[in-house]
Amino acid sequence: MKSKSAWVCLCVVFIGVAGCSSDATSGGKGTEQFTTWGEEFVEDGIPAGDGTSGFVDGWSLKYAKFLVNFHAIRVADADGNVVAELDKPRFVDNVKPGVKELITFPGLDAKAYTQVSYEIKPAVADEEIVGDSDPDDLKMMVKEGYSVYFEGTATKKKVTKTFHWGFKTQTSYKDCHSAEENGISTEGVVVTNNQTDTSQLTTHGDHLYYDSLQSGDNAKPTLIRFNEKAAADDGPKGDGDGDVTVQEMCQENIDPEIYNTSGLPGATIGDFVISLARTIGHFRHEGECTIKRIDPVPKSVTNPCDEYP
Ligand SMILES: [Ca+2]
């Protein structure tokens, strides 16, 4: 009995010492990894539905390409000290199946980093191509100056419309935080000793079709719609060739009875869709970041459509 209690005593002392020395090395090191995924809407398509989980107006849609250029992924602590930063931009087609790794930052001090940010900006020639994204698509985006590009087919009964939309929007996503879970939303990320924490920069394929620029806090729920985009291709303003262009959407006046135009610069479906293209970037699935336009805009540009003559 005597010797057992001596052992217990020794163990307590040992743990106490280990705890002290661990504190002295500030909690060890860990890894923060960034990935991207387009979820089922981008990989498999968007069905007809009730407006929140599918198009409210009977359309369904399938993407052929969902191209995004991620820039300047940064991890910083509460004081703004940047501890990790993306070396060069990443080009990805999120129609390609699965979660894709963008960058892994090992050897970070294990602690909370409350300031996590990234940007979506135009493609550059020497960026890293993620997974089996097509190098020819990157070349096309560099040539056109696109930051994002969406291609696909929408269908309603016997009507089919294709679209090939490239946008030059430059957008920063700052102060990213996770979606609320059990009433708690985490600002940024928490790196823990010897562990890899993963932050998915999720791209949402349904946001382009929202009928409000701001989701939530609205008198009515935000729904996804395609009728008005399809109508832009129809005559007399559209050319009726079955392909809905950005220019055609920029000729189609928006109906404030259907769309919540609050905060919208411009008056067309095109202005609306271009503005919504900035909202595809998310954080850890449904988490959000503060979205800011960072385009160097010429004085001649008033409405988003002015850049797509
Ligand atoms: Ca057309």
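Let's shift gears to the overall build of the protein chain. If you tally the helices and strands in the protein chain, you get six helices and 15 strands. Going through the 309 residues of the protein chain one by one, you find that 36% of them count as buried. Counted over contacts in the protein chain with a minimum sequence separation of 6, partners at least 24 positions apart contribute 71%.

With 63 residues, the main nonpolar core has Phe70, Val148, Phe150, Val273 and Ala277 as its most contacted residues. At eight residues, strand S2 (residues 60-76) tops the list of elements feeding residues into this core.

Here we come to the pairing of strand S1 (residues 29-37). Of the two faces of S1, the one holding Gly30, Glu32, Phe34 and Thr36 is buried and the one holding Lys29, Thr31, Gln33, Thr35 and Trp37 is not buried anywhere. Here S1 pairs with strand S5 (residues 100-109) via seven bridges, running antiparallel. Looking at S5, one finds that threonine 35 is bridged to glutamate 101.

Moving on to the sheet that holds S5. Pairing is mixed across the open sheet formed by three strands, whose spatial order is S5-S1-S13. A strand with exactly one partner marks an edge of an open sheet, and here the two such strands are S5 and strand S13 (196-202). In this sheet, adjacent strand axes meet at a mean angle of 20 degrees when their direction is disregarded.

It is worth spelling out the confidence of the model for the protein chain at this point. When the pLDDT values of the protein chain are averaged, the result is 90; 90% of them are 70 or greater. This stretch, residues 1-25, has a pLDDT under 50; its non-local contacts, to residues over four places away or in other chains, come to zero contacts.

Tracing the backbone through its elements, the reader meets glycine 240 in the loop between helix H4 (227-233) and strand S14 (243-244). Look past the residues within four positions of glycine 240 in its chain and what remains in contact with it is Asp233, Asp234 and Gly235.

Moving on, we come to the environment of phenylalanine 34. One can find phenylalanine 34 in strand S1. Judged by local crowding, phenylalanine 34 falls into the buried class, with 24 C-beta atoms found within 10 Å. The spacing of phenylalanine 34 and leucine 86 is 52 residues in sequence and 9.9 Å in space, taken between C-alpha atoms. Not counting residues up to four positions away in its chain, the partners in contact with phenylalanine 34 are Ile73, Leu102, Ile103, Ser199 and Leu201.

The rules behind the values
Residues numbered from 1 in each chain as written. Predicted model: local features only at pLDDT ≥ 70, side-chain atom pairs only at ≥ 80, totals over all residues. Helix = DSSP H or I, 4+ residues; strand = E, 2+ residues; numbered from the N terminus. Buried ≥ 20, exposed ≤ 12 C-beta atoms within 10 Å, placed from the backbone. Contact = placed C-beta atoms within 7 Å. Core = buried A, V, L, I, M, F, W, Y, C linked by C-beta atoms within 7 Å. Pairing = 2+ DSSP bridges. Axes fitted to C-alpha atoms, helices over the stretch in contact; angles between N-to-C directions. pLDDT = per-residue confidence, 0-100.

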